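# Analysis of the macromolecular model
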Amino acid sequence: MSVSDQEQKIPENGGEIRLPDVPVLVTSGDKSIWLTADGEIAEESLAETQRKASDASPLLVHRLATARRLDLAPFTAFDILELFAFTFPARQCLPTPRGIARALDLPVSDDLEEQALSLFSAVNLMLEHLTKLRGKDRATAAEIAMTMGRAGWNWGPSVLAALGMPSETTPLGGLDIWKKLEEWPDFAPDPPPDDEPVSENEARERLKELLHEQAETRPQQAEFSAAASGAFIPRDQEGAPNIVLAEAGTGTGKTLGYIAPASLWAEKNGAAVWISTYTKNLQRQIDDELDKLYPDKGQKNVRAVVRKGRENYLCLLNYEEALQGGVARAGEQIILGIVARWILATRDGDMGGDFPNWLMELIGAGRIMRFADRRGECIYSACPHYRKCFIERSTRKARKADIVIANHALVMINAATRPDDPHLPKRYVFDEAHHLFDAADSAFSAHLTGQEGSELRRWISGSDTARKGRMRGLEKRISDILGEDEEGHDALQQAIQASRRLPHEGWLSRLGDGTPNGPMEDFLLHVRSQVMARSGQPDSPYTIECGATEFVPGLDEAAHGLENALGDLSKPLTTVSKSLLNRLDEEADELDTATRFRIEAAVQGLARRVNTMINPWQSMLKHLNEPTPENFVDWFAIDRTGGRDMDLGYYRSWIDPTIPFAETLLKQSHGAVITSATLKDNTGEEDDDGWQSADFRTGTSHLVLPPRRTHLASPFNFKDRTRVIVVTDVRRDHMRDVASAYRELFLAAGGGGLGLFTAIWRLRAVHEAIRTPLANAGIELFAQHQDALDTSTLVDIFREEESSVLLGTDAVRDGVDVPGRSLRLIVFDRVPWPRPDIKHKARKKAFGGSRYDDRLTRLKLKQAYGRLLRRETDYGVFVMLDSMMPTRLTNAFPPDVEVLRLGLKDAIALTRNFIAEKENESRKNKVDMTL
């Protein structure tokens, strides 16, 4: 279908389809396709397209990614993604021509000309959809589109023609959408939960219900479910939870395996089970799996909740304040209009959930996330939108739900900062448990840094430049709930004055100029001097550090001054907290529920900052000249990204962060399933069964009672379906040779390759060297840190594009779940040894020296290799471009898989032949099945 074949349609309801009179542009590899408005198609090189793209204002997919591909600054374009976000808010699609076609049920083609035609068809289809809107939906969409159109939105004329002009607009141009949201309902408090057990047989039977006809085909899954039920029986003594530590190989089906006993326990006992993950990708997968438990969407909406930290949810008051401040700015109104459409359609207001990731990149993550409560400024019941708040709605839903899908960071922070909260869960499932150590490291560390100090100052006394009330700090947020307590009001003013001695805007520049302002900036200036003097590479573009000992002149005095300043801050904040608690006690019979909740939230916020920030900082400074406390490691560092200083300060971490994790969370729980495909470490030593590593990384070694351990091997045939190669003749430090190896291996596989890197600069060097030859071969190349797309979107595109290649670092390795032909080759640039920083040095000393390094490295290799097979029919080759890889690390791979040490030429040939063989088998099997 060509453009000339299309005629303007006049639907019965009066809407009209008006297509923008601009050409369609599709780029791929080393060429681009232009489709003119009158139906002519032309192919050009990227260089030719570069010369005219900016003046053409073309219709395309993802203008920033296209500009990056053309090596241009962002230019004006009709981005079809903006139209998609307006037409189908809160609906996902991949930001590619094929992704748009797939989302709209249009034919999906690899041919660029067909893709260009499909984009035209997609626009026509979306505008036609808008013409069919009725009633309030139509009126609301038209009002929002009118405001966006007046602000210069280039899709405005087409969208308004399809919707018809609104008969009238509200004073805010239809963007005051909070008026259209329903209030969340109140519920009576639930009685204390029961504690009825779930037996192994009951878990198996529930699993059969979830699987239906597939129930008898996965014995490992049934065994896993039965084992997991051990976490859902009453505990026998305080501080001794029932822990099930389960390694379940890829393909076991562990998600439904633990959902079965967890859901049954929740139904029996009237309390939620929290399922905790490390990645958003797994949160989405678990949410999808719950469709089997709750096929009715309405029921699922009540019984299952996805929970994240407050900073992930849109704050309606932030949105309103942005609207009030952005009325005169045209570009702001376009952004607000797109967000308004999403607010009316979103499931739960989670900006990391059904808010399209590519919108973050198109609009700018900072401009979007300003709508979230990222700075702890919530005023709770004093907010005019409190009864419609997404965060409050999610919190209340979680208290009534059976299953709550959360993340490791949230559950750890809740346990650490709210130990007396009666709503904390008693039963957990920790999936992706191989990340528990790192998650605990983040949750229980202390960072006395400029950014942390500046944020604390802003939270207490407000922004120095803000005009809005909440941005003016605690006085605007809590002074009214202090009531008539003069001591509390006096303490609040003292705290505000004391906070002004913390860093404020421009502190990094002042430190660079040697002109600190206040005791904390003075201390940080001395820290910076020490790091610069003692770091081996002070000019490094990456983070630099030094030991927190043998201090430079003046640092001791600066630390003492900062310690006193923090004491002057801690005391009045504690007094304010006590005043609020006294009011809760003395006016218990007078305070309404909303005010009580608001006071409790304020107390919690104060306690969190005093107990987890200020007090630890004071302790660190007070004992600066003493040996670092046992179980901890201290250091100074300048945090850099791409050669730019981002933060600096004094850092402290637990050497073993699973100690506080076990104390604050595991011991307070009644039961938990701790599971992953990569828990055990096969050292190859006779006296080590691999569970020592699992106990160490998950904190179960710190419990009174040992966990119940179970190992379920993967049902996949790794020996037949995979090959592992260590290339012996490529120098890992010669990037030209490394890039050539990547290029030839990807070409041999015909795409479907994941390139993993231990450093960003190595990724960039390879990306630059291979992008043209891959493009010439028709292989799309995507790369983390290079493309104008977030990591999760890149992975989603890679999953759908069978002949593409994706380059990435650790985040890609951990977040990839790509079944099928799209992932048939993994190439690692070198052995992923741990970064030898000060923190790692302390842990290496405490946990076995080089054996600790080996353990961490084997687990990374095991995790990366496990990406190859996600279902029984998958196949693939794992290549390590590091001839120095020790044989002892090969225990990371299944024992029956031979690790081949080959030259690059032979590795390329084996890769080509093995993949061709498996693809031929797949084609033959498909033919046999049809016969």
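Residues numbered from 1 in each chain as written. Predicted model: local features only at pLDDT ≥ 70, side-chain atom pairs only at ≥ 80, totals over all residues. Heavy atoms only, no water.

Turning our attention to the overall build of the chain. The helix and strand inventory of the chain stands at 36 helices and 23 strands. Taking the principal axes of the C-alpha coordinates as reference, the chain spans close to 80 × 80 × 65 Å. A burial count over the chain gives 57% of its 931 residues as buried. The long-range fraction of contacts in the chain, counting pairs at least 24 apart against all pairs at least 6 apart in sequence, stands at 74%. Total accessible area on the chain stands at roughly 39600 Å², and carbon and sulfur atoms take up 47% of it. The chain carries 117 positive and 139 negative side-chain charges, and their two centres are separated by 1 Å. (Helix = DSSP H or I, 4+ residues; strand = E, 2+ residues; numbered from the N terminus. Buried < 20%, exposed > 50% of the residue type's maximum accessible area, 1.4 Å probe, protein only. Contact = heavy atoms within 4.5 Å. Areas by Shrake-Rupley, 256 points an atom, 1.4 Å probe, with all protein chains shown as cover. Lys, Arg positive; Asp, Glu negative; His and termini not counted. Charge placed at Lys NZ, Arg CZ, Asp CG, Glu CD.)

Next up on the list: the pairing of strand E23 (residues 899-902). Where burial is concerned, the two faces of E23 differ: the one with Leu-900 and Leu-902 is buried and the one with Val-899 and Arg-901 is not. Here strand E17 (residues 722-727) pairs with E23 via 4 bridges, running parallel. Opposite Val-726, over in E23, you have Arg-901 as the bridge partner. (Pairing = 2+ DSSP bridges.)

Interaxial distance between helix H24 (residues 519-534) and helix H25 (residues 555-586) falls to 8 Å at its minimum, and their mutual angle equals 150°. Considering their axes alone, H24 and H25 lie roughly antiparallel with respect to each other. Like other packed secondary-structure pairs, H24 and H25 cross with a definite hand, here left-handed. In this structure, H24 contributes Pro-519, Met-520, Asp-522, Phe-523, His-526, Val-527 and Gln-530 to the contact, and H25 contributes Leu-555, Ala-558, Ala-559, Gly-561, Leu-562 and Ala-565. Across the contact of H24 with H25, the residue classes tally to 9 nonpolar, 3 polar and 1 charged. (Axes fitted to C-alpha atoms, helices over the stretch in contact; angles between N-to-C directions. Parallel < 35°, antiparallel > 145°, perpendicular 65-115°, else oblique. Left-handed = near helix turned anticlockwise from the far one by under 90°. Nonpolar A, V, L, I, M, F, W, Y, C, P; charged D, E, K, R; others polar.)

Now for empty space enclosed by the protein. Tallied over the entire structure, the rule returns 4 cavities of 30 Å³ or more. There is about 120 Å³ of room inside the largest cavity. Lining the largest cavity are 14 residues, and of these Cys-315, Leu-317, Cys-378, Cys-383 and Cys-389 sit closest to its centre. In terms of residue class, the lining of the largest cavity is made up of 10 nonpolar, 1 polar and 3 charged. Counted as a void, the second largest cavity has a volume near 70 Å³. Taken together, Ala-304, Val-305, Val-306, Arg-347, Asp-348, Phe-390, Arg-393, Ser-394 and Lys-397 make up the full set of residues lining the second largest cavity. If one sorts the elements of the lining of the second largest cavity by residue count, helix H17 (residues 390-400) sits on top with 4 residues. Looking at the lining of the second largest cavity residue by residue, the class counts come to 4 nonpolar, 1 polar and 4 charged. (1 Å grid on protein atoms, 1.4 Å probe; cavity = no way out; pocket = protein on both sides within 12 Å on 5 of 7 lines; lining within 4 Å. Points joined across faces, edges and corners; volume = space filled by probe spheres on them.)

Let us look at the sheet that holds strand E18 (residues 753-756). The strand order across the open sheet formed by 7 strands is E19-E20-E18-E21-E22-E17-E23, and the pairing between neighbours is parallel. Only two strands of the sheet have a single partner each, and these edge strands are strand E19 (781-783) and E23. The mean inter-strand angle of the sheet, taken between neighbouring strand axes irrespective of direction, is 20°. Against the sheet, helix H30 (residues 735-749) engages E18, strand E20 (805-808), strand E21 (825-828) and strand E22 (876-880), with an angle of about 175° to E21. On the sheet, helix H35 (residues 850-865) packs against E17, E18, E21 and E22 and is oriented at approximately 150° with respect to E22.

An order of E11-E14-E13-E12 is seen for the 4 strands of this open sheet, with the pairing classed as antiparallel. In this open sheet, the two strands that pair with only one neighbour each are strand E11 (446-449) and strand E12 (544-547). Ignoring strand direction, the axes of neighbouring strands in this sheet form an average angle of 25°. Of the pairings in the sheet, the one linking E11 to strand E14 (residues 644-654) comprises 4 bridges and is antiparallel in character. Residue pairing for E14: Thr-449 is matched across the bridge by Gly-649.

Overall, the predicted model of the chain reaches an average pLDDT of 90, with 95% of residues at or above 70. Counted against residues more than four places away or in other chains, residues 1-12, with its pLDDT under 50, gives 27 contacts. (pLDDT = per-residue confidence, 0-100.)

What follows is about the packing of aromatic side chains. On inspection of all chains with the given rule, the structure shows 26 aromatic pairs. Between the aromatic rings of Phe-86 and Trp-153, the centroid separation amounts to 5.4 Å while the plane-to-plane angle is 40°, which identifies the pairing as tilted. Pair noted here: Phe-86 is in helix H3 (residues 80-87) and Trp-153 is in the loop between helix H6 (135-150) and helix H7 (156-163), with a separation of 67 residues, a long-range link. For the residue pair Phe-86 and Trp-153, the accessibility class agrees, reading buried in each case. The interplanar angle of 85° and the centroid separation of 5.3 Å between the aromatic rings of Phe-636 and Tyr-650 together place this pair among those described as edge-to-face. Residue Phe-636 is found in strand E13 (residues 632-641), and its partner Tyr-650 is found in strand E14; the two are separated by 14 residues along the sequence. (Phe/Tyr/Trp six-rings, centres within 6.5 Å; stacked < 30°, edge-to-face > 60°.)

With that settled, the discussion passes to the environment of Glu-802. Secondary-structure assignment places Glu-802 in the loop between helix H32 (791-800) and E20. With 197 residues separating them in the primary sequence, Glu-802 and Gly-605 have C-alpha atoms 48 Å apart. Every residue in contact with Glu-802, bar those within four places of it in the chain, is listed here: Gly-751, Gly-752, Arg-821, Ser-822 and Arg-824.

A regular strand places its side chains on the two faces of the sheet in alternate fashion. Counting buried residues in E17 gives 5 out of 6 residues, a clear majority hidden from the surface. As paired strands, E17 and E22 are joined by 5 bridges and run parallel to one another. Bridge pairing links Ile-725 to Val-879 in E22.

Before going further, it helps to examine the packing of helix H19 (residues 436-443) against helix H28 (residues 691-698). The geometry of H19 relative to H28 is characterised by a closest axis approach of 7 Å and an angle of 25° between their N-to-C directions. Overall, the two elements H19 and H28 adopt an arrangement that is roughly parallel. Packed against H19, whose contacting residues are Leu-436, Phe-437 and Asp-438, the element H28 presents Phe-696, Arg-697 and Thr-698 at the interface. Residue composition of the contact of H19 with H28, grouped by class: 3 nonpolar, 1 polar and 2 charged.

Right, let's get into the environment of Ser-276. Looking at the secondary structure, you find Ser-276 in strand E7 (residues 273-277). Spatially, the C-alpha atoms of Ser-276 and Ala-433 are 8.9 Å apart, while their sequence positions differ by 157 residues. Sequence-distant contacts of Ser-276, defined by excluding residues within four places in its chain, comprise Ala-406, Asn-407, His-408, Val-411, Val-429, Phe-430 and Asp-431.

Let us look at the pattern of salt bridges. Side-chain pairs of opposite charge can arise whenever the charged atoms involved come near each other. The final tally for this structure, using the stated rule, is 64 salt bridges. Among the ionic pairs, Asp-796 bridges to Arg-799, the shortest N-O distance being 2.7 Å. With Asp-796 and Arg-799 both in helix H32 and 3 residues apart, the pair spans about one turn of that helix. On the accessibility criterion, Arg-799 (22% relative accessible area) is partly exposed. With a closest N to O distance of 3.5 Å, Asp-874 and Arg-871 form a salt bridge. (Salt bridge = Lys/Arg side-chain N within 4 Å of Asp/Glu carboxyl O.)

It is worth spelling out the side chain of Thr-279 at this point. Inspection of the secondary structure puts Thr-279 in the loop between E7 and helix H11 (280-293). Residue classification places Thr-279 among the buried positions, given a relative accessible area of 15%. Not counting residues up to four positions away in its chain, the partners in contact with Thr-279 are Glu-432 and Asp-814.

Right, let's get into H7. Counting buried positions over the 8 residues of H7 gives 7, a clear majority of the element. Contact partners of the buried residues in H7: H3, helix H5 (112-131) and H6. Remark: Gly-164 follows H7 within two positions and exhibits a positive phi of approximately 85°.

With that out of the way, let us pick up unusual backbone geometry. For Asp-105, which is not glycine, the phi torsion reads 60° and is therefore positive. Along the chain, Asp-105 turns up in the loop between helix H4 (97-103) and H5. Positive phi values are uncommon outside glycine, yet Glu-550 reaches one of about 50°. Inspection of the secondary structure puts Glu-550 in the loop between E12 and H25.

Taken as a whole and assessed by the stated rule, the structure comprises 0 disulfides. Cys-389 provides the cysteine sulfur closest to Cys-378, a residue in no disulfide bond, and the two sulfurs are 5.9 Å apart. Since its relative accessible area comes to 14%, Cys-389 is described here as buried. (Disulfide = S-S within 2.5 Å.)

Relative to the assigned elements, Asn-357 resides in helix H15 (residues 357-363). Classification of Asn-357 by relative accessible area gives buried; the value is 17%. Beyond its immediate sequence surroundings of up to four residues, Asn-357 is in contact with Gln-92, Asp-790, Ser-792 and Thr-793.

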